[in-house]
Each structure stands twice: as C-alpha cells, then as structure tokens.
Amino acid sequence: MKLLVAGGCGFIGSHFIEYFLKTYPKAHITNLDCLTYAAHPDMPAHLARLDPNRYCFVPKDISDPMLKSWVKEFKFDAIVNFAAETHVDRSILDPDSFVRTNVMGVQNLLAVAREGGNIRFVHVSTDEVYGSLKPTDAPSVEASALDPNSPYAASKAAADLIALASSRTYKQPVLITRCTNNYGPYQFPEKLLPLLIANALENKSVPVYGDGLQVRDWIYVVDHCRGIDAVLQKGKSGEVYNISACGEAPNITVIKKVLDLLGKPHSLISFVGDRPAHDRRYGLDSTKIRTELGWKPLVSFEEGLKTTVDWYLQNVEWWKKVRGSDYQKYYQANYDQKFVVKNANKSEVNS
Ligand SMILES: NC(=O)c1ccc[n+]([C@@H]2O[C@H](COP(=O)([O-])OP(=O)(O)OC[C@H]3O[C@@H](n4cnc5c(N)ncnc54)[C@H](O)[C@@H]3O)[C@@H](O)[C@H]2O)c1
C-alpha cells in the first residue's frame, strides 16, 4: 500500500507511521506535514530512521492549493489525515488558525483526494465533537448529535460534516474515526499528561482546571492507531467509527496516579480558574468498531500510564527541548510559519 499520511510529525501521526511500517513490511508512507510548533524538531529525523526505503517526508501544508497536481503524480492508495491544530487553549486565543487548518485544510485535502483518483480517505476526528455529557448520560454513539463547545471542537465537527457531505455528494470513499483522549510517548508537553509529568519532574506546581472533576475517556495511543488501521483496511465508506477503551476517569484521579508513579507529592497540585466552556465529561461507545471490524484495545490504563511515565523519565532532553521561550525562538527562527503562535507560554493545561 502507498499511503499518504498528513500531520505525521505530530503525536498520534508519528505513532501511526511507526506502527504501520512495522506491521506492513511492504507498505510505503509519504508523510506530509508543515511542521507547526506541535511537531518536535527531532521528529522528522526520528521517523526517517525507521525505514528510509519505505518512508519519505514532504514539508507541505494541507491547505496548499498546489497539492492536487503533486498527489495525482504519486498515485496513493489511501490518505490518512491527522493534520490539525489540536490545543483547546490555543483555539480560544487564536480560533482563526483552527478554522484555516481544521476546516479549510481538510476541505482542500478532500478535493485533492477526489482529483487524485478518488483516493480512500480516513479523517481522524475526536470525541470532543459530541460536546459535554451529563454524569448519567450514556456514552456517545456515532449517531449522537454534534454539539461542540470549544473553537477546536467546532472546527473538527465542521470538518467531519464536510467530509461526510463529500462522501454523499461525490461518492467519495471517506471514513471518519472519532477517538477519545490519547496518552503515550512523544506528546507535546502542553497537553495534560506530559505537562503534568514535566512540571512534577521540575518540582513545579501542576495546574488543574476548576475542581479537576472533568471526566475524560483515556486510550493508549497505539491502540488508537490500530483502530485507525482497522477502519482504513475494513471500514465502510461514508461511515463514522468511534474508538474508545472505555477508560473514563476524572482528571484529578489521573493526575494523582501520575504523581504517585513519579513519587511526587499531591501538594504540587494547584487548582486554577476553569477554562471557558470547559466540557465536563466525554465518554464514547465503541461497540460499532468492536463488532463490525473486530478491533479492541490491548493496553490497560495502568500498563499504558506506566509506559508513558517511564518514557518521559528516560527522554528528559526530548521534552525539555520544546518547553519555554527558547523553543519559541527556535521555532520562529527555523520555520517560515504562516500561522503565528500567540501567547504560547500562557498555555498551561489541556483536556
Ligand atoms: N491527542 C488526542 O488526544 C486526540 C484525540 C482524538 C483525536 N485527535 C485528533 O488526532 C489528530 C492528531 O492529533 P495529535 O494529538 O497528534 O496532534 P498534534 O498537535 O500533536 O500534531 C498535529 C500535527 O499536524 C501538523 N499540522 C498542523 N497543521 C498542519 C497543516 N496545515 N498542514 C500540514 N500539517 C499540519 C503539525 O505540524 C503536527 O505535526 C488531530 O486531528 C486531532 O484532532 C487527537
């Protein structure tokens, strides 16, 4: 299979590339990523080392109008799109860049896939499009109404609707995955778990929004990648598939578990004012992918959390390199970025 992966230098996309190259010895992957701040500067080299004969990197933006002719030439069998602006706090400060990439970029990539020979297209989305659940609500199913609350979630929901409309209108082979909160190695240290680990290791306070009782549904990143693969290989065109390990837990419980694994005191926890429109609970029902495609998660929360914490302990240089103002200077000096990252140092906590 000749696969085009968009956004493969980010957290989940990079795991997907590694998983896919290892699982399918004949697969070839082209990774298209415009290297925003969320792509660690060492990631292109890390991925290139996995298998230089079956992997190549193309520094391009999914919104690039010239992508059409380029994709036609390469005759890909499928496209998997991870490319997105993903940090909810940043979406509150700078919603424009989220609409540009998550909506306009996806619209462009869908058109590219159509004109490149109606290429099978898996669009990676999120549980956040369903909005917040009440404590007694059943977990969201694929048919649940979309009710996003943050600019990030709204931009992802808009892309989902555009992708589904493309499938219906143009008979385009589009499939959507909606997954819960991922955790694992290589996540940018502005998101909840890596931020918490990095702060705790530096004996800094760990900011927790509101009362910390927001419930998230956790899944180990490689289990998510296996779910995307199942949808890519066996999913039905025009369908949405929820991916979840049924791992609902309040943030504060997860935070305390991580502090315990690190041997750090709970007194590092510092409750801060809540995020505007902060969703109280996400929870997904993933019966469809389990029964129709035979997928199930393989990594327990305890096992995955320990692997994750160990990785951050063993890779201090990796996360230190992208924390603080030096990284922002490096990032701006090295890339001619169109999307200005505003208030980067103010972003402290995420879902
Ligand atoms: N992280 C989660 O818990 C989670 C859960 C469910 C769904 N998702 C979805 O999975 C996808 C990947 O998430 P992630 O956490 O790996 O994100 P990330 O922020 O770590 O990585 C995003 C990647 O996309 C690239 N990118 C951004 N804009 C681009 C553009 N215009 N053109 C090309 N590349 C661009 C970045 O450089 C980066 O490499 C996203 O679509 C996200 O909505 C994430």
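Rules behind the numbers
Residues numbered from 1 in each chain as written. Predicted model: local features only at pLDDT ≥ 70, side-chain atom pairs only at ≥ 80, totals over all residues. Axes fitted to C-alpha atoms, helices over the stretch in contact; angles between N-to-C directions. Helix = DSSP H or I, 4+ residues; strand = E, 2+ residues; numbered from the N terminus. Parallel < 35°, antiparallel > 145°, perpendicular 65-115°, else oblique. Left-handed = near helix turned anticlockwise from the far one by under 90°. Contact = placed C-beta atoms within 7 Å. Nonpolar A, V, L, I, M, F, W, Y, C, P; charged D, E, K, R; others polar. Near = placed C-beta within 6 Å. Buried ≥ 20, exposed ≤ 12 C-beta atoms within 10 Å, placed from the backbone. Pairing = 2+ DSSP bridges. Right-handed = clockwise from strand over helix to strand, strands pointing away.

### Focus on the packing of helix α1 (residues 11–23) against helix α8 (residues 221–234)
In the contact formed by α1 and α8, the axes pass within 9 Å of each other and the chain directions differ by 65°. Considered as vectors, α1 and α8 are oriented roughly perpendicular to each other. α8 is crossed by α1, and the crossing has right-handed handedness. Of the residues in α8, those in contact with F11, I12, H15, F16, Y19 and F20 of α1 are V221, V222, H224, C225, R226, I228 and D229. Looking at side-chain class alone, the contact of α1 with α8 contains 9 nonpolar, 2 polar and 2 charged residues.

### Quick look at the site of the ligand
G7, G10, I12, A38 and A84 are the nearest of the 30 residues found near the ligand. Going through the elements one at a time, α1, α5 (95–115), β5 (120–126) and β7 (181–183) are the ones with two or more residues in the shell around the ligand. Taken together, the residues of the shell around the ligand break down into 15 nonpolar, 11 polar and 4 charged.

### Points about the pairing of β5
Across the 7 residues of β5, 7 count as buried, placing the element largely inside the fold. Taken together, the 4 bridges between strand β4 (residues 78–81) and β5 define a ladder with parallel strand orientation. In the sheet register, V80 faces β5, and the bridge partner there is V122. Sheet analysis places β5 next to strand β6 (residues 174–179), joined by 6 bridges and oriented parallel. For S125, the partnering residue across the bridge sits in β6 and is R178. Handedness of the crossover joining β5 and β6 through helix α6 (residues 151–170) is recorded here as right-handed.

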